[in-house]
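Fold and geometry: a report
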Number of protein chains: 4
Amino acid sequence: MTEPTWPRVGVLGLGTMGGAMAANLARAGFPLVAWNRTAGRTAGLEALGVGVAATPAALAAATDIVLVCVSDTPDVETVLFDPDGVAAGVAPGTLVIDCSTIDPAATRRFAARLAAQGVAFVDAPVTGGSEGARNATLAILVGGAPADVERARPVLQAIGRTVTHLGPVGAGQAAKAVNQVILAGTYLGVAEGLVLALKAGLDPAQVVEALSGGAAQSWVLANRSGRMLANDYPLGFKVALHLKDLGIALAMARETGAVLPVAALAAQLESGLVATGHADDDMSALARAIRGLSGLDT
Amino acid sequence: MTEPTWPRVGVLGLGTMGGAMAANLARAGFPLVAWNRTAGRTAGLEALGVGVAATPAALAAATDIVLVCVSDTPDVETVLFDPDGVAAGVAPGTLVIDCSTIDPAATRRFAARLAAQGVAFVDAPVTGGSEGARNATLAILVGGAPADVERARPVLQAIGRTVTHLGPVGAGQAAKAVNQVILAGTYLGVAEGLVLALKAGLDPAQVVEALSGGAAQSWVLANRSGRMLANDYPLGFKVALHLKDLGIALAMARETGAVLPVAALAAQLESGLVATGHADDDMSALARAIRGLSGLDT
Amino acid sequence: MTEPTWPRVGVLGLGTMGGAMAANLARAGFPLVAWNRTAGRTAGLEALGVGVAATPAALAAATDIVLVCVSDTPDVETVLFDPDGVAAGVAPGTLVIDCSTIDPAATRRFAARLAAQGVAFVDAPVTGGSEGARNATLAILVGGAPADVERARPVLQAIGRTVTHLGPVGAGQAAKAVNQVILAGTYLGVAEGLVLALKAGLDPAQVVEALSGGAAQSWVLANRSGRMLANDYPLGFKVALHLKDLGIALAMARETGAVLPVAALAAQLESGLVATGHADDDMSALARAIRGLSGLDT
Amino acid sequence: MTEPTWPRVGVLGLGTMGGAMAANLARAGFPLVAWNRTAGRTAGLEALGVGVAATPAALAAATDIVLVCVSDTPDVETVLFDPDGVAAGVAPGTLVIDCSTIDPAATRRFAARLAAQGVAFVDAPVTGGSEGARNATLAILVGGAPADVERARPVLQAIGRTVTHLGPVGAGQAAKAVNQVILAGTYLGVAEGLVLALKAGLDPAQVVEALSGGAAQSWVLANRSGRMLANDYPLGFKVALHLKDLGIALAMARETGAVLPVAALAAQLESGLVATGHADDDMSALARAIRGLSGLDT
């Protein structure tokens, strides 16, 4: 009796998130090939025995499962469908897993185009940030056909802690958009509360502690109030990326008829943060906008 | 050596919160007198050996510590300063503890008027709801002079789990206002996220579970998403009371120059809930407003 | 046959608005007495033959019609009901006209207290600004019993161009609140449009001209876009006063169940303008807030 | 000496706006060819002597100036660049005028693609509604190279009253977006004011009249308050189209860093109106949302 064969996995995109996923997949024992748009991100991975492909098409031709982790909808379209993209090299029967956070409607279109080539598709955006990617503690939100999701599961379990199958292709992206909308309100609620505490002359750190056991409790209050009080916003999760994700959520909302006034306000404030040079701040910099309006830092 | 004498405590206001506090104080062994504006709330307490006073003045004359737990700023003013109010009967050296949620500026005025009679004052609003009051697990936010707070502490420890001294008189109320502002954003964020999930055809309970381990985690998501999804809002904490508290927070914000756009929006939506007959819903009914705007229940 | 006697008129409050009203009443021929909280505002009026009273009580005792023009609800209460206020000197049969902009509910209470002394009351807040006061072109919004309004009319026609009787006591103030709410949206709409024009690299003055003949046309676009584009906000109408008026409107809205999200947002932004030192800017400085959020002036 | 030759004009899109423009061009004497995606819109035009083309390509081949008037960015892309679109039939030297309201960035891309074929392009979105189109009183906002705009001017003057050249290609669309943003605030301001008037028990028509001479004056107050008070919203300008235009403005804002909180709120409320079956209401139906939140119509 032969041992089960480990699928060959290719990782497209070696940024903070994709690079950490690739390292965790290599450590878990998957035969791995990687590719990045810009060179020089593969050095650490080659030390782990990871092969490097010249193009997404070459990577797809050499693997059973292609994991994509890039920035935005057009980036996914590029790595999948450009002349040297996945679709140009992929064999029928391959599975594409997209861990990027992109538009659910575009996701369904991409999946349909790949299906016409006999290629399966699962969307699998993640939450948990760079720390979660490094420690393989991501929460992974999955959309796809049940059999495809089961096939993706061992790969996903090597990079995250929880894998939730939420429905057909696009459902993972839709759930990720829900997450970003909840964050908008929670961050703004905490930011406004802390600005009021500062203005009222309270010791805000003491207020945070006093409120943390009650109904105001949240991950944001516990983990991001310090940055808001220091008015210093190291990463984290970039304002510009959350703004991109709110753009996806607001487009979904418009298509489906959901009314999201707080998410829409957060997008405006984040747009202003980008316009004032704070695109790369952690998204807790929403507090910077509230502080500025209130005259705290002028 | 004599045993320390337990102070005689009077409780003014036997609503859901005050009644539960009185019961816990009686069980803890404090000699207790109670009063309520409307009769018929004292039956259960008399079975616990609690005396009943005819007026706040009479109650104050018979006790060392007066604990007030009524609805709003004018109610506190009434029980303290009406012709048969606390000030008409109180002896110098008495301590008044106000557990109501009211305006911090009015709190400072009331304390100053009592101080002129030699009466000490501590503001001690609470969070944790009716359940916290019943189980003596409230978080208590305290403002006052250090010696007065220490004197209040045994009483407060009998009705709550954490007692945080946040500064001089009014600081407890200010911290409570901060709490209500944070709630506004967190509830609206969760409500908007869930409406988007429903509109996108996701199983929202599954989404809640998938997101609960990440940055979207909050007490509200864990404990109030069920009501929002059922569109049914049993108590809890009434919309009308949270609206009253946001009124306090927004007045503080105007005085101190804090800019609170989400809290202001929440107040408008809650005002609309009151106008449409939902004043007594739990405040998670903010989701009712978002659902209605999105056409979910029409 | 004798000529009709002109009523003796007293003016309480000689600020920008009240001073101009007094001058117009004197020019129209009314026998006039004036009073101001702080001295030194009566010089110009004395040259017009206006008498000066030592207190509101003395002024009321010497006149048939008392016109009040002060800043806010507490100021009106003070000049009417302080120990040397109107109520202490007024004879039954006198008419009080309040041209201040204050709370409609407080207005009804004040009218009721004066009615108990046999004194009639009309609320008559104005729009049209300092220019309208000087040129007697104010629009005057009147609440009161029909006979009282007819009695007030000759006085009001001497200080304004249109006099509209809108209902019982308080109706004038309610209509003024409506005016301030409409302004909030119109100013913010123009401010946002102009900031977008600037950001898009258009010549905004040309855009204003091109749009002025269409559905975007408004007094604000025609008369305040220049200030917004120059980011310079001379008076006009102070931010702090519009914020006070929005406070009245939002309190009315809460009492009556009107939901005003844009007015609530404008109040937050104006609160921030006050906090950042712009209380005395013209209210077109709402554009300052939108510009600042967009990084135009940093 | 020969008379100047009138250019042959083709009109693509015969909806409410394009149909009226075509009729006015025919009446002005331009030799005219028309095309519409769906048949049956050309009957009235044929009576005016207008020819009908089978495809946009055929129309372009037969004319000197092509005027496009369709709904949205993808529609313009379709009529220009589909296999039987304008680009497939057009001769070098032709001028394309786009009177649709679409995205300025897409406009610049379309113009560049046509320029590669030697075809000139002018964007010329309009304001003034169906009435303005019928009566040739539109305000036309034009972007393009000066010579191209001068060439377009006689055509534009036949369909509108004012023709403003605002800058290079895209500037007309950008100015139109500014217009739609100003409308958002003005409509919401009027809607909130009228709801407050209704809730306060005022006669709102009388309030409108009293306020119309002052700072609250606007085209919206004068022309749309009646619909808002009747809660009946016949066309006009469709909610769904204004929502589309706000989508363009908000995308521009994000690209350029303009912060538009009121426009963003209006888009959310309009999205809700679409979700609740009111897409075809006049955009004054923003008042429907404010009325509904305030419980006026339940």
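Residues numbered from 1 in each chain as written. Chains lettered and ligands numbered in written order. Predicted model: local features only at pLDDT ≥ 70, side-chain atom pairs only at ≥ 80, totals over all residues. Heavy atoms only, no water.

1. Examining the relation of the copies chain A and chain C
One copy of the chain maps onto the second through a rotation around an axis plus a translation along that axis. Put simply, the test is: Fitting of the copies onto one another was done by least squares over C-alpha atoms, counting residues only where both copies have pLDDT of at least 70. Working rule for contacts: check all heavy atoms of both residues, and any pair within 4.5 Å makes them a contact.
For these two chains of identical sequence, chain A goes onto chain C by a turn of 180° and a shift of 0.0 Å along the axis, with RMSD 0.0 Å. Such a combination of rotation and displacement between the chain copies is what one expects of a two-fold axis. For chain A, the residue whose C-alpha comes nearest the rotation axis is A:L293, separated from it by 3.9 Å. Mapped onto chain C, 100% of the interface residues of chain A again fall at the interface, so both copies present the same surface.

2. Some thoughts on the interface of chain B and chain A
Our working rule: Buried area is a sum: the accessible area each of two parts loses on coming together, probed at 1.4 Å, counted once for each and added. Whenever Lys or Arg places a side-chain nitrogen within 4 Å of a carboxyl oxygen from Asp or Glu, that contact is recorded as a salt bridge.
Taken residue by residue, the interface counts 54 residues in chain B and 54 residues in chain A. In total, about 4600 Å² of surface goes out of reach between chain B and chain A, with carbon and sulfur atoms giving 72% of it. Considering only the side of chain B, the residues that lose the most area to chain A are B:I182, B:E192 and B:L196, jointly responsible for 14% of the buried surface there. Applying the counting criterion to the chain B and chain A interface returns 0 salt bridges.

3. Notes on the nonpolar core
To keep things clear, this is the line we draw: To qualify as a nonpolar core, a set must consist of buried Ala, Val, Leu, Ile, Met, Phe, Trp, Tyr and Cys residues joined through side-chain atoms within 4.5 Å. The cut-offs for exposure are 20% and 50% of the maximum accessible area for each residue type, with area from a 1.4 Å probe on protein chains only; residues under the lower value are buried, those over the upper are exposed, and the others partly exposed.
One finds A:L196, B:L196, C:L196 and D:L196 to be the most contacted residues of the largest nonpolar core, which totals 219 residues. Once you skip the residues sitting within four places of it in the chain, C:L196 turns out to touch D:A177, D:V178, D:V181, D:A249, D:M252, D:A253, D:T256, D:A258 and D:L260.

4. With respect to empty space enclosed by the protein
Rules: A cavity here means a set of points on a 1 Å grid, drawn over the protein atoms and nothing else, where a 1.4 Å probe fits but cannot get out; a pocket is an open set with protein on both sides within 12 Å along at least five of seven lines, and a residue lines either one if it has an atom within 4 Å of a point. Grid points are joined across faces, edges and corners, and a volume is the space filled by probe spheres set on the points. Starting at the N terminus, helices and strands are each numbered in turn, a helix being any DSSP run of H or I of at least four residues and a strand any DSSP run of E of at least two. Gly is placed with the polar residues, together with every amino acid not listed as nonpolar (Ala, Val, Leu, Ile, Met, Phe, Trp, Tyr, Cys and Pro) or charged (Asp, Glu, Lys and Arg).
All chains considered together, the criterion is met by 4 cavities of 30 Å³ or more. Approximately 150 Å³ is the volume found for the largest cavity. Along its surface, the largest cavity is lined by A:P261, A:A264, A:L265, B:P261, B:A264, B:L265, C:P261, C:A264, C:L265, D:P261, D:A264 and D:L265. Secondary structure elements with two or more residues in the lining of the largest cavity: α13 (261–275) of chain A, α13 (261–275) of chain B, α13 (261–275) of chain C together with α13 (261–275) of chain D. A breakdown of the residues in the lining of the largest cavity according to their chemical character gives 12 nonpolar, no polar and no charged. A volume near 60 Å³ is recorded for the second largest cavity.

5. Considering helix α6 (residues 104–115) of chain D
An α-helical turn contains 3.6 residues, so any two residues separated by three or four positions project in the same direction. Residue and element names in this part refer to chain D. The line we're drawing: One less than the number of residues in a helix, times 1.5 Å, gives the span that helix is expected to have. Pairs of N or O atoms are called polar contacts if they sit within 3.5 Å, as long as, within protein, a hydrogen donor faces a hydrogen acceptor (for residues adjacent in sequence, only side-chain-to-side-chain pairs).
With 12 residues, α6 extends 16 Å between its outermost C-alpha atoms, agreeing within 8% with the 16 Å of an ideal straight helix rising 1.5 Å per residue. All of the buried residues in α6 are P104, A105, A106, T107, F110, A111 and L114. Looking at the buried residues of α6, the elements they touch are α4 (73–81), β5 (95–98), β6 (120–123), α9 (171–199) and α12 (239–256). Of the residues that open α6, the one with a side-chain oxygen 3.2 Å from the backbone nitrogen of A105 is D103.

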